[in-house]
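A closer look at the structure
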Amino acid sequence: MTVRYASTDLFQPAGPEEVEKVGSASAVIAGCGALGSAVAAILAHSGLGRLRLIDRDIVRLNNIREQSLFTAKDADTAMPRASAIARAAREINPGIKVEDFRKDITFNNIRDLCNGFDVLVDGLDNFETKFLVNEFSVETGIPWIFALIPGSRGISRGMVPGETPCLRCLFPEDPAPGSNGTPLSGVTKNEVISAIASFQAGQVLRKVVTGSFSRDVLSFNSFSGTWESGNSEVGPVAVCPCCRERDFPYLEGRITGRITRLCGAESFQIYPAVRDKSLNLHELAGRLGEKNILRCNDYLLQVRIDEYDMTVFSNGRAIFKGVKDIVEARILYSRFIGN
């Protein structure tokens with residue numbers, strides 16, 4: 001045991017053998033925003049042997065306050081978030097292997113990006129990719145740690161194929177666009193991010209050391225200061241199209257959002273993956289703030305935020321203007337609308 005981990009033997013469940021297990025283990029963090037960066041910091045300090053970071057966005061000045069490991073310089077230079085975290089993690093612990101992929105996770109690349117790892121950690125900002133990760137987990141048997149942080153609330157639980165409910169067990173119907181909120185739908189607090197990140201990192205380390213997740217489900221509201229943690233022994237539901245019947249529409253590309261470039265510079269249209277749900281435009285307008293609203297009725301919502309013009313329709317379709325590419329359009333859809 002090196003000096004770095006010498007104090008670990010004071011923690012009864014761990015010791016030299018457990019430190020070696022952690023040092024030979026691997027995890028993927030899918031999504032490297034506020035939550036993913038916090039989990040990465042904990043796992044780097046803990047000495048996890050191999051860490052793969054996947055994210056499609058760049059560091060932005062207006063969200064640094066909630067994203068650990070990022071600096072103002074990263075925002076000034078438009079550093080990719082995965083690369084910024086990878087650099088910081090290597091500085092925290094030069095003894096671990098850190099890989100960064102500046103990619104959008106899709107059904108075309110998820111197997112190449114995530115296969116062969118011990119655990120997947122959810123730092124994602126949209127349900128479309130969460131369902132994709134869930135189906136990949138069921139197909140491969142790789143466990144993952146789900147998380148959801150709308151506003152000041154946070155929820156997390158470990159998911160083990162064949163042992164616990166999968167995400168489809170918990171959400172039999174695809175959530176409508178915007179129905180579970182976004183970080184803009186409340187005052188996201190560093191406290192809830194830290195709490196959920198600590199739970200996720202703890203689950204990773206428990207899985208590595210003991211071979212299993214705890215069965216706890218954590219729910220935390222940093223604004224009200226309330227905690228709920230319960231042990232769930234419930235297994236997969238009896239009839240689940242994903243983990244029971246092994247139907248993988250997201251993984252096979254049968255359900256996916258569609259993006260098209262429109263005539264005119266920097267304009268894109270997004271059709272959400274879920275197209276049979278209605279979006280409450282008035283509720284969305286309330287979340288985005290009155291000063292940003294140009295027009296709102298039962299059919300469409302027109303908004304201007306920063307340098308972007310956005311028109312959203314009641315079926316979840318959205319048009320963005322002032323957007324440089326497809327990846328940025330997807331980022332904005334997740335940030336402002338959801339799923």
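For the structure itself, look to the data block above.
Residues numbered from 1 in each chain as written. Predicted model: local features only at pLDDT ≥ 70, side-chain atom pairs only at ≥ 80, totals over all residues. Heavy atoms only, no water.

**Side note on helix α6 (residues 127-140)**
With 14 residues, α6 extends 20 Å from end C-alpha to end C-alpha; this agrees with the ideal 20 Å at 1.5 Å per step. Counting buried positions over the 14 residues of α6 gives 12, a clear majority of the element. Taken together, the buried positions of α6 are occupied by Phe127, Glu128, Thr129, Lys130, Phe131, Leu132, Val133, Asn134, Glu135, Phe136, Ser137 and Val138. Looking at the buried residues of α6, the elements they touch are α5 (110-114), β4 (119-122), β5 (144-148), β6 (153-159), α7 (167-170) and α10 (326-336). Between the side-chain oxygen at the start of α6 and the backbone nitrogen of Glu128 there is a gap of 3.3 Å, and the oxygen is on Asn126. (Helix = DSSP H or I, 4+ residues; strand = E, 2+ residues; numbered from the N terminus. Expected span 1.5 Å × (residues − 1). Buried < 20%, exposed > 50% of the residue type's maximum accessible area, 1.4 Å probe, protein only. Contact = heavy atoms within 4.5 Å. Polar contact = N/O pair within 3.5 Å; in protein donor to acceptor, adjacent residues only side chain to side chain.)

**So, the pairing of strand β14 (residues 318-321)**
Inspection of the sheet shows strand β10 (residues 267-271) paired to β14 by 4 bridges, in the antiparallel sense. Bridging from a neighbouring strand, Ile270 pairs with Ala318 of β14. Looking at chain direction, strand β13 (residues 308-313) and β14 are connected through 4 bridges and run antiparallel. Residue Val312 lies in a different strand from β14, and its bridge partner there is Ala318. (Pairing = 2+ DSSP bridges.)

**Some words on the side chain of Ser83**
Looking at the element boundaries, Ser83 is found in helix α4 (residues 81-92). Reaching out from Ser83, the side chain makes a polar contact with the side chain of Asp100 at a distance of 2.8 Å. The contacts of Ser83, once residues within four sequence positions are left out, are Asp100 and Arg102.

**Considering unusual backbone geometry**
With a phi close to 55°, Arg246 is a non-glycine residue in the positive phi region. We classify Arg246 as partly exposed; its relative accessible area is 43%. Even without being a glycine, Asp306 presents a positive backbone phi close to 55°. When you line up the elements, Asp306 lands in the loop between β12 (300-305) and β13. In this structure Asp306 comes out as exposed when scored by relative accessible area, which is 54%.

**Some points on the packing of aromatic side chains**
Under the counting rule described, the total for this entry stands at 4 aromatic pairs. On the numbers, 5.7 Å between centres and 45° between planes, the contact of Phe127 with Phe131 is tilted. Of this pair, Phe127 and Phe131 both sit in helix α6, 4 residues apart, roughly one helical turn. Among the residues examined, Phe127 registers a relative accessible area of 3% and is labelled buried. Its guanidinium or amino end placed over the ring of Phe313, Arg317 lies 3.9 Å from that ring's centre, counting from NZ or CZ. (Phe/Tyr/Trp six-rings, centres within 6.5 Å; stacked < 30°, edge-to-face > 60°. Lys NZ or Arg CZ within 6 Å of the ring centre and 35° of its normal.)

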